[in-house]
Amino acid sequence: MKFGYFDDANKEYVITSPKTPLPWINYLGSENFFSLISNTCGGYSFYKDAKLLRLTRYRYNNVPFDSNGHYYYIKEGDTIWNPGWMPTKTDLDAYECHHGMGYSTFRSSKNDLQAELTAFVPVGKNCEINQLTLTNNSKETKDFSVFSYVEFCLWNAMDDMTNFQRNFSTGEVEVHGSAIYHKTEYRERRNHYALYAVNAPVDGFDTDRDSFLGAYGENSAPEVVVSDQSKNSIASGWAPVGSHHLKVSLAPGESKTFVFILAYIENPVEEKWIGRAEDGKINRTRAEALMKEFDTKEKSEAALAELKKYWDELLSHFTVSSSEEKLDRMVNIWHQYQCMVTFNMSRSASYFESGIGRGMGFRDSCQDLLGFVHLIPDRARERILDIAATQFEDGSAYHQYQPLTKKGNSDIGSGFNDDPLWLIAGTAAYIKETGDYTILDEKTPYDSDPSKATDFMEHLRRSFHYTIDHLGPHKLPLIGRADWNDCLNLNCFSTEPGESFQTFGPSEGPNAESVFIAGMFVRYGKDYVEICRHRGLEDEAKLAENAIAEMEKTVLDAGWDGEWFLRAYDHYKNKIGSKECEDGKIFIEPQGFCVMAEIGLKEGNCLKAMESVEKYLDTKYGIVLLQPPYHRYHVELGEISSYPPGYKENAGIFCHNNPWISIAETVVGRGNRAWQVYTRTCPAYIEDISEIHRTEPYVYSQMIAGKDAPNFGEAKNSWLTGTAAWTFLDVSQYILGIRPDYDGLTVDPCIPSTLDGFEAKRDFRGVTYHISVRNPKHVEKGVASMTVDGIAVDGNTIPLPTGKTEVSVEVVMG
Ligand code: BGC
């Protein structure tokens with residue numbers, strides 16, 4: 001069952017019912033000011049940091065779900081309704097929510113009154129614009145009221161929802177004409193405030209929540225709206241809100257547009273404006289200038305057009321055209337859009353991440369890079385260096401860092417032993433995309449301490465050596481607190497059966513080892529070797545090659561279980577992910593990574609591992625993380641066994657590592673299977689089962705309940721997941737096979753045999769490549785010939801052209 005449809009021409013998903021199984025959201029903003037907005041106008045805004053500078057208040061886990069947002073109430077006679085349906089939930093005669101690239105438009109009507117509301121964050125501005133157009137489609141004049149409503153957050157979202165003894169006494173506002181200023185300061189005085197204004201004279205306003213809602217009132221029926229009369233309340237303490245009252249009269253066929261602006265304003269410190277001026281009033285200069293920029297419909301529409309142009313340009317660097325409409329839709333629009341959102345948000349703010357919990361993940365952000373580096377290489381460079389600056393001198397890393405301070409998060413600490421290798425992965429992707437080796441010379445601190453800086457190349461060396469220096473009893477990498485699988489905590493152990501568990505120190509115990517990290521080490525170690533060679537570090541390159549060869553041997557000796565790769569050894573040196581285990585006999589992660597690393601490719605281990613994944617882990621909704629699920633809690637395995645069977649890491653379908661298998665299938669040349677794995681979790685391909693899948697059908701979720709769960713097929717945790725980058729990497733670089741490499745662009749498709757071929761356009765290092773792939777023999781993999789501007793070339797890497805900006809490439813598979 002569907003709740004909408006894709007509109008590819010406009011790059012939108014159009015939701016046709018407000019009653020989606022879960023709120024289906026969109027993100028506004030791409031630099032500093034961001035808003036989350038659901039298909040019923042729920043959501044909130046923040047500036048830079050969702051925890052510290054939250055503009056509007058949201059209540060997660062609220063009842064009803066998603067019942068706070070930026071709302072517009074229309075009151076005509078006794079009928080009160082909202083263009084986004086919530087919070088009044090009045091039945092609408094028409095409703096559509098168009099989630100587009102950085103904007104959302106609601107088109108609704110009730111009793112021949114039509115509302116069109118478009119919300120967006122203009123490029124380069126710290127504000128959200130809400131453009132509301134009302135049209136009278138009836139034959140009579142219509143007189144009605146519009147009430148706007150936002151609830152301000154007292155900036156620090158964590159404090160805002162916990163520290164009431166203080167916060168009920170801090171709220172302050174100012175109102176000047178149609179502009180409402182929220183000026184509550186958070187502890188130390190700050191030079192910022194929020195503005196909520198409309199470009200028309202108002203018939204009233206409210207800034208005090210209780211006055212607006214009424215005693216014991218709720219936002220589904222605010223007292224002010226019901227009585228059709230604002231109270232001009234000025235908040236003092238308690239809960240400041242912003243509401244404008246506009247009385248509107250429309251002749252038949254007439255339309256009127258209002259432009260609302262919600263902004264974050266900061267006055268520069270050099271003006272010595274600390275908190276407030278001597279008369280206690282705020283400095284409104286910047287707010288007034290900003291209001292002028294959006295005081296007409298024409299100005300707001302021009303800003304929306306500019307935003308659309310920005311996205312069209314961004315998404316033009318990689319496009320595909322094939323007979324598979326859904327493939328084109330995902331590659332050209334939604335994969336890349338989600339990658340940009342994960343770049344902006346990391347794992348901070350979604351409808352599953354509260355914006356106050358996690359900072360930026362070291363591993364997460366390095367992986368996100370793989371998906372967006374071609375879109376914004378300069379920001380990727382900056383991000384890599386920011387991440388590296390939080391690394392410790394021994395090569396290990398803070399698992400997370402704070403976006404505002406860019407400092408490592410000491411609450412979480414370090415000890416995730418895969419983290420250092422992800423830095424090599426992200427850097428290799430950046431260099432392959434841009435050819436920019438100068439990044440290696442950048443002076444980069446350790447632990448955010450500039451006095452402890454080396455060049456960035458040295459960071460990579462320490463990352464690589466961290467694994468070599470931390471090997472366990474089988475010479476496999478020590479796992480530490482966990483590897484990619486945060487919940488596989490093998491250094492939890494009990495000294496006596498039944499005793500509560502203990503853990504080793506912050507870093508790792510002496511025994512527990514990870515075959516997954518071994519796979520990573522081999523795969524990204526090869527990139528490290530290439531980078532060393534390019535720097536002329538031949539001795540280091542040889543050393544690394546030897547270590548990699550040694551690790552491959554170790555994996556085949558100690559990490560192979562007969563039909564698949566083992567997952568790990570626990571503290572007691574017992575195997576994890578082996579046929580010998582009662583539960584958790586086979587895990588997905590080492591199959592993906594060891595095959596991507598080509599460990600035992602010639603010997604047949606890779607194909608065997610892929611066959612085992614298909615045999616033991618496959619389901620109709622995707623590949624589960626492990627089988628059989630853990631049925632009881634194992635102290636020696638940690639959090640993983642605490643989940644009920646079929647959820648999260650305990651045999652859920654982790655969408656994040658399904659593309660590892662799809663990529664691994666391209667390594668063994670099975671294009672049909674790579675495609676099957678790709679399409680099974682791909683949003684556009686499962687749109688029809690939205691009532692089962694439940695999360696947004698235009699983006700990936702982190703996890704889908706596995707076959708052992710009662711809600712098999714139901715997804716959770718949409719938007720902010722490494723799945724975004726990995727699935728785009730899979731489809732663009734391995735299935736379509738257009739892959740940046742150190743010396744040029746490689747074309748190595750591995751596609752379903754039914755596909756005749758495809759056309760692609762790829763911008764790469766200043767050149768636009770027009771690539772045409774034909775598949776006359778309907779093979780799954782293999783390039784029979786390649787011509788570049790009509791000239792046949794050997795192999796399938798396009799030599800870097802000189803003096804050209806457009807290149808045509810013809811590839812024939814066979
Ligand atoms: C984390 C990832 C982790 C994954 C698997 C996600 O929630 O963001 O870093 O690899 O879970 O445990």
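If you're wondering where the values come from, they're calculated on a predicted model, not measured in any experiment. (Residues numbered from 1 in each chain as written. Predicted model: local features only at pLDDT ≥ 70, side-chain atom pairs only at ≥ 80, totals over all residues. Heavy atoms only, no water.)

Enquirer: What exactly am I supposed to notice about the nonpolar core here?
Expert: General note: in soluble globular proteins, nonpolar side chains tend to be found buried as a group. Residues Leu195, Ile261, Trp422 and Trp726 are the most contacted members of the largest nonpolar core, which totals 247 residues. In contact with Trp422, not counting residues within four places along its chain, are Arg363, Cys366, Gln367, Trp484, Phe516, Met520, Tyr524, Phe593 and Trp726. (Core = buried A, V, L, I, M, F, W, Y, C linked by side-chain atoms within 4.5 Å. Buried < 20%, exposed > 50% of the residue type's maximum accessible area, 1.4 Å probe, protein only. Contact = heavy atoms within 4.5 Å.)

Enquirer: In this structure, what is going on with the pattern of salt bridges? I would like to understand it.
Expert: Per the stated rule, a full pass over the model turns up 50 salt bridges. In this structure, Asp295 engages Lys299 in a salt bridge whose closest nitrogen and oxygen atoms are separated by 2.7 Å. Residue classification places Asp295 among the partly exposed residues on the basis of a relative accessible area of 30%. A salt bridge links Asp486 to Arg363; the nearest nitrogen and oxygen atoms lie 2.8 Å apart. With a gap of 123 residues between them, Asp486 in the loop between α11 (456-468) and β25 (492-493) and Arg363 in helix α8 (residues 362-372) connect regions that are remote in the sequence. On the basis of relative accessibility, which here comes to 28%, the residue Asp486 falls in the partly exposed class. The class for Arg363 is buried, based on a relative accessible area of 3%. Taken together, the shared-partner salt bridges connect Glu614, Asp618, Glu665, Arg670, Arg673 and Arg680 into one network. (Salt bridge = Lys/Arg side-chain N within 4 Å of Asp/Glu carboxyl O. Helix = DSSP H or I, 4+ residues; strand = E, 2+ residues; numbered from the N terminus.)

Enquirer: Looking at this model, I keep getting lost on the side chain of Gln391. Mind explaining?
Expert: Checked against the element boundaries, Gln391 lands in the loop between α9 (377-388) and β22 (400-401). Judged by its relative accessible area of 0%, Gln391 is buried. For Gln391, the side chain forms a polar contact with the main-chain oxygen of Gly395, separated by 2.9 Å. When sequence neighbours within four positions are dropped, the list of residues in contact with Gln391 reads Ser396, Ala397, Leu423, Tyr446, Asp447, His459 and Ser463. (Polar contact = N/O pair within 3.5 Å; in protein donor to acceptor, adjacent residues only side chain to side chain.)

Enquirer: Explain the site of the ligand here, please?
Expert: In the region of the ligand, the neighbouring residues are Arg358, Arg363, Asp364, Trp484, Asn485, Asp486, Glu649, Phe654 and Gln702. Here an oxygen atom of the ligand sits 2.7 Å away from a polar atom, N or O, in the side chain of Arg363. One of the backbone N or O atoms of Asp486 is found 3.0 Å from an oxygen atom in the ligand. When the ligand sits alone it has 310 Å² of accessible area, and the protein chains cover 94% of it. Grouping the amino acids of the shell around the ligand by side-chain chemistry returns 2 nonpolar, 2 polar and 5 charged. (Near = heavy atom within 4 Å. Areas by Shrake-Rupley, 256 points an atom, 1.4 Å probe, with all protein chains shown as cover. Nonpolar A, V, L, I, M, F, W, Y, C, P; charged D, E, K, R; others polar.)

Enquirer: Just checking my understanding: could you explain the packing of aromatic side chains for this structure?
Expert: To describe a pair of aromatic rings, you give the distance between the ring centres and the angle between the ring planes. Taken as a whole, this structure holds 49 aromatic pairs when the rule is applied. Each ring, one from Phe318 and one from Phe728, has its centre 5.8 Å from the other, and the planes form 75°; the classification is edge-to-face. With Phe318 in strand β20 (residues 318-321) and Phe728 in helix α19 (residues 723-735), this residue pair connects regions lying 410 residues apart in the sequence. Through pairs of rings, three or more aromatic residues link up here, namely Phe3, Phe6, Tyr13, Trp24, Tyr27, Tyr310, Trp311, Trp334, Tyr337, Tyr698 and Trp719. One residue, Lys308, lies across the ring of Tyr103, its end atom 4.7 Å from the ring centre. (Phe/Tyr/Trp six-rings, centres within 6.5 Å; stacked < 30°, edge-to-face > 60°. Lys NZ or Arg CZ within 6 Å of the ring centre and 35° of its normal.)

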